[in-house]
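# Close look at the chain arrangement
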Amino acid sequence: MAASKPATTGAIDIPIQGMTCASCVNRVEKAIRSVEGVKAANVNLATERAHVEFGSAGANPAAVAEAIRIAGYEPSDSTVELKIDGMTCASCVGRVEKALKRVPGVLEASVNLATERASIRYLGGADMLSRLIGAVEQTGYGAEALRQDNDQSDRERAAREAEISGLRRSLTVAALLTLPVFVLEMGSHFIPAIHDWVMETLGHRTSWYLQFALTTLVLFGPGLRFFRKGVPALLRWSPDMNSLVVLGTSAAYAYSVVATFLTSLLPAGMANVYYEAAAVIVTLILLGRYLEAKAKGRTSEAIKHLMGLQAKTARVVREGQALEIALDQVLAGDIVQVRPGEKIPVDGEVVEGSSFVDESMITGEPLPVQKVQGAEVVGGTINKTGSFTFRATRIGSETVLAQIIRMVEQAQGSKLPIQALVDRVTAWFVPAVMAAAALTFLVWLVFGPEPALTFALVNAVAVLIIACPCAMGLATPTSIMVGTGRAAELGVLFRQGEALQSLKEVGVVALDKTGTLTQGRPDLTDFVTAPGVSEAEALRLVAAVEGRSEHPIAQAIVTAAEKRGLSLPSTDSFEAVPGFGVSAIVEGRKVDVGADRFMTKLGLPIAEFADTAVRLGAEGKSPLYAAIDGRLAAIIAVADPIKPSTPEAIAALHALGLKVAMITGDNRRTAEAIARRIGIDEVAAEVLPEGKVNVVKRLRASHGKIAFVGDGINDAPALAEADIGIAIGTGTDIAIESADVVLMSGDVRGVVNAIALSKATIRNIDQNLFWAFAYNVLLIPVAAGVLFPFNGILLSPIFAAGAMALSSVFVLGNALRLRGFKAPVPSVQGTAPAARNAEGVA
């Protein structure tokens, strides 16, 4: 069935088991890219996932899975059963099957008309269920999940725990078997009492026989995992880290076996055994793998925390009865009941009752928010006091929490530009190490002192063992995982991992004013009418026109009119002129409201309000004008309060050495007054929505890379044009989709924390890469014996194995330090502003 499956387009994420080093990553990427129809493949060692994009021609996911298997690794698939409603004949079955098979990642899909069920096997993540259901619904049928053999996150968690458990058992067995070998051989060399005991009880030859038996058990028991991966890789001429271990231990073991059983084949005086080297190498590498697996598990704790915020069940009212059902069985439109203290299971709209809900996990605001009929609720937030029912509007992968998890997963799986260097190096690294080991062997064999063969063997094995590319492969992805996870905990979501590297390089931060620096809910402060114009009548007419507008300033005017008890008449011929103002007919009278440029466009002089406009602008208020029946009637002042956190955020950005600019459509006097109050360096005022892109380009030319922060629909082009677009999470969906970074709260201090975390993460990556590369550059020559002619120092294969294991553990441990990153300014979650540098951890 898989072979005849139609090609699909789109993208999928495939969990992959068995990868251990950077060369594994390169091998899997190369295998996936070789499949016809694959546009791009990005494999991440830390997350153990492959992100595969299909081209317009599409590709067969089964072929991708098979390519991964042929490369020597195991892709993880899942199965699910759907209940299909509305099928009546065989053509319905065919239609549903075709729709399911077109979903990227589906390997097999079988639909049964009699049972009205579809069984699907697929590659992909947690969002696949909703994609499958959506594909069925688009064909005109209903679909509902009946059974999923395992939630993907549970499967991956179980696989991780099984790996750690298996490594623990293997390590324990290997250590118990290796200890006697090590004591018998090394103890005899360095401790006379042990040497005497061995000679008097076991005898020299019996000691070798015992070491042979124990080492054989170690190599082909706990160490068999290296042979299962390394030997096939060698046969495919694509050696990996396992291949290096196999070659090194096999060489030491084979030489020892010859010395033990075929002594006559060796030159006189060269019958030495190195069983302890082979056994200890396997044990130490297993120890490194075990510590590495445990550390890898800790790097993804942010995702586990986010997943833990989800409710497990929901109380749904169906046919008049409240039923407790699994979360994945909730359907859009279901009526859901929530009691005090419970988590809200999915996103929705309150239909009955009221309560206060703790939304700090989304907004960061510590105070519970009141929810009444018509209010929106978010899945994962906690109901505090009352009880209410709501209608489910977004379920599964469409909920806010699911989108947050998906954003973090995508960022954690990304490759930074700096990773390109690592990929180029590791592509030739393992073959180069094998060549270096062969050269070492030959040089020592030809030019080394007697016993030359022994020296050649020991040093070649040391080169093979010490030069593991694990540390290089883990250096970047582990830091990305921990850094983006810590960012999520601070309310900063990196939608693209690349933003981590770019954000630290910005020279200027440009901020939209309304809703970003300010509350976005302006108040009417002044309403000054022309001589002979009734203030109440003018406000009533102006508010009637503004009632048709969604602009915050318009809402402030309407709210002020309602507070004065004015009834607002209906309007006709409403027209909004973007960047200028609005017009309408109210009770037969033409009313125009807008900025000074709107009045100029209408040919109305505003000179009589010049002094008032200067005063209002100096106070940081936005002056608007109203004209009634072609005559200037009033000047209106609206003030949008500055957010309390804004001055601190601007000061912190300056402390990072950044220039700060404000881009606004307000008139220049008002904008400059606000800029003076909060310390803005540069102001671009009276900018129309389409002009923000030009301002971004100008600022980039003057100050280098630019980050733009905004929250509105009109900010989307500027967010996309900036090197880094940062969206306020309380803003519009369009702005968020255009951004590289999302601040889940409306707190501008998140910008500071995002930049500081970017610098800390990239610094952490630099440290990891320096260690990984410097370690190999320095120790491979030492292992090869370059110091021997000067001071007689040689690196034992045992110490080489220990150093190799420690290199990966060091890199992972260094990456995990990012979990302790402290925000340079107190976040809305309440991070204490301890005395620390503005870039977080060292």
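Quick caveat: nothing in here was measured; it's all calculated off a predicted structure. (Residues numbered from 1 in each chain as written. Predicted model: local features only at pLDDT ≥ 70, side-chain atom pairs only at ≥ 80, totals over all residues. Heavy atoms only, no water.)

What helix 4 (residues 128–138) keeps buried is the set Met-128, Leu-129, Leu-132, Ile-133, Ala-135 and Val-136. Buried positions in helix 4, seen along its axis, are confined to an arc of 155° and lie on one side of it. (Buried < 20%, exposed > 50% of the residue type's maximum accessible area, 1.4 Å probe, protein only. Helix = DSSP H or I, 4+ residues; strand = E, 2+ residues; numbered from the N terminus. Arc of directions from axis to C-beta.)

Before going further, it helps to examine the pattern of salt bridges. Counted by the stated rule, this structure contains 24 salt bridges. As a salt-bridge pair, Arg-315 and Glu-342 come within 3.0 Å of each other at their nearest N and O atoms. Highlighted residues: Arg-315 in strand 9 (residues 313–318) and Glu-342 in the loop between strand 11 (335–338) and strand 12 (347–353), separated in sequence by 27 residues. Judged by relative accessible area, Arg-315 falls into the buried class, the value being 11%. Residue Glu-505 is joined to Lys-705 by a salt bridge in which the shortest nitrogen-to-oxygen separation is 2.7 Å. Remark: Lys-705 occurs in the loop between helix 25 (691–703) and strand 28 (706–710) and Glu-505 occurs in the loop between helix 17 (498–503) and strand 19 (508–512); sequence separation between them is 200 residues. Look at Glu-505 and you get partly exposed, because its relative accessible area is 35%. Among the residues examined, Lys-705 registers a relative accessible area of 31% and is labelled partly exposed. (Salt bridge = Lys/Arg side-chain N within 4 Å of Asp/Glu carboxyl O.)

Our next topic: the packing of helix 23 (residues 646–655) against helix 28 (residues 749–784). Between two packed helices, what matters for the description is the angle formed by their axes and the separation of those axes. Packing of helix 23 against helix 28 brings their axes to within 8 Å, and their N-to-C directions diverge by 25°. As far as their axial angle goes, helix 28 and helix 23 are roughly parallel. Taking contact as the criterion, the partners of Glu-648, Ala-649, Ala-652 and Leu-653 in helix 23 are, on helix 28, Arg-749, Val-751, Val-752 and Ile-755. Considered class by class, the residues forming the contact of helix 23 with helix 28 number six nonpolar, no polar and two charged. (Axes fitted to C-alpha atoms, helices over the stretch in contact; angles between N-to-C directions. Parallel < 35°, antiparallel > 145°, perpendicular 65-115°, else oblique. Contact = heavy atoms within 4.5 Å. Nonpolar A, V, L, I, M, F, W, Y, C, P; charged D, E, K, R; others polar.)

On to the sheet that holds strand 30 (residues 741–743). If you trace the seven strands from one edge of the open sheet to the other, you get 18-30-29-28-19-26-27, paired in mixed fashion. The open sheet has two edge strands, strand 18 (492–494) and strand 27 (682–684), and neither has a second partner. Pairs of neighbouring strands in the sheet enclose a mean axial angle of 20°, with direction left out of account. Bridge analysis of strand 29 (residues 724–728) against strand 30 gives three bridges, and the strand direction is parallel. Looking at strand 30, one finds that Ile-728 is bridged to Leu-743. (Pairing = 2+ DSSP bridges.)

On to the packing of aromatic side chains, then. Under the definition given, this model contains 12 aromatic pairs. Centre to centre, the rings of Phe-212 and Tyr-275 are 6.2 Å apart; their planes meet at 65°, and the pair counts as edge-to-face. In this pair, Phe-212 is assigned in helix 7 (residues 204–220) and Tyr-275 in helix 10 (residues 275–299), connecting sequence segments 63 residues apart. With a centroid separation of 5.8 Å and an interplanar angle of 50°, the aromatic rings of Phe-455 and Phe-788 are classed as tilted. Of this pair, Phe-455 sits in helix 15 (residues 452–466) while Phe-788 sits in helix 29 (residues 788–791), and the two are 333 residues apart along the sequence. In this arrangement the basic side chain of Arg-597 is found over the ring face of Phe-580, its NZ or CZ atom lying 5.9 Å from the centre. Here Lys-601 stacks its cationic end above the ring of Phe-580, 4.7 Å away from the centre of that ring. (Phe/Tyr/Trp six-rings, centres within 6.5 Å; stacked < 30°, edge-to-face > 60°. Lys NZ or Arg CZ within 6 Å of the ring centre and 35° of its normal.)

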